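Take a look at the letters that make up each chain.
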Amino acid sequence: MDKNGKALSGTRKAKIQTYINSLQLSAVQKYMIMGYLGYSNTKGEQQVKSYINRLSLNKNEKAQLLKWSGYAA
């Protein structure tokens, strides 16, 4: 917080990222959670797409999961 009581830019994301990184998950699963929370990034996009395509889901389910992960086209 600054002297006026307002949140500093980026501090919420940093706290969320620290927590997500502490979880026993694969990197791609962490990218998916961060994307779901609105913090998707270009590094994770291809990994998430590749991960989802390996799952036993139909095309619509894969598209929905990709969207929920913050990487929809």
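Here, the structure is the one placed above.
How each quantity is defined
Residues numbered from 1 in each chain as written. Predicted model: local features only at pLDDT ≥ 70, side-chain atom pairs only at ≥ 80, totals over all residues. Heavy atoms only, no water. Patch = residues over 30% accessible without salt bridge, like charges linked within 9 Å, V, L, I, M, F, W, Y side chains within 5 Å. Areas by Shrake-Rupley, 256 points an atom, 1.4 Å probe, with all protein chains shown as cover. Salt bridge = Lys/Arg side-chain N within 4 Å of Asp/Glu carboxyl O. Helix = DSSP H or I, 4+ residues; strand = E, 2+ residues; numbered from the N terminus. Buried < 20%, exposed > 50% of the residue type's maximum accessible area, 1.4 Å probe, protein only. Expected span 1.5 Å × (residues − 1). Arc of directions from axis to C-beta. Contact = heavy atoms within 4.5 Å.

**Section: a nonpolar patch on the surface**
Link 1 in the chain: Judged by side-chain polarity, Y36, L37 and W68 come together as a nonpolar surface patch covering roughly 380 Å² of accessible area.
Link 2 in the chain: Within the secondary structure layout, Y36 lies in helix α2 (residues 27–36).
Link 3 in the chain: In this structure Y36 comes out as exposed when scored by relative accessible area, which is 60%.

**Things to note about helix α3 (residues 42–53)**
One turn of an α-helix holds 3.6 residues; hence residues three or four places apart share an orientation.
Link 1 in the chain: For α3, with 12 residues, the first-to-last C-alpha span of 17 Å sits near the 16 Å given by 1.5 Å per residue.
Link 2 in the chain: G44, V48 and I52 are the residues of α3 that are buried. Burial along α3 is one-sided: seen end-on, the buried residues are contained in an arc of 65 degrees. Those residues of α3 that are exposed and angled more than 90 degrees off the buried face are T42, K43, Q46 and N53.
Link 3 in the chain: Where the residues of α3 are buried, they touch α2 and α4 (59–68).

**Things to note about the pattern of salt bridges**
Link 1 in the chain: This structure, assessed with the given rule, holds 1 salt bridge.
Link 2 in the chain: In this structure, the salt-bridge partner of E45 is K49, at a minimum N-O distance of 3.3 Å. With E45 and K49 both in helix α3, this residue pair falls 4 residues apart, about one helical turn.
Link 3 in the chain: The class of E45 is partly exposed, set by a relative accessible area of 28%.
Link 4 in the chain: Judged by its relative accessible area of 30%, K49 falls in the partly exposed class.

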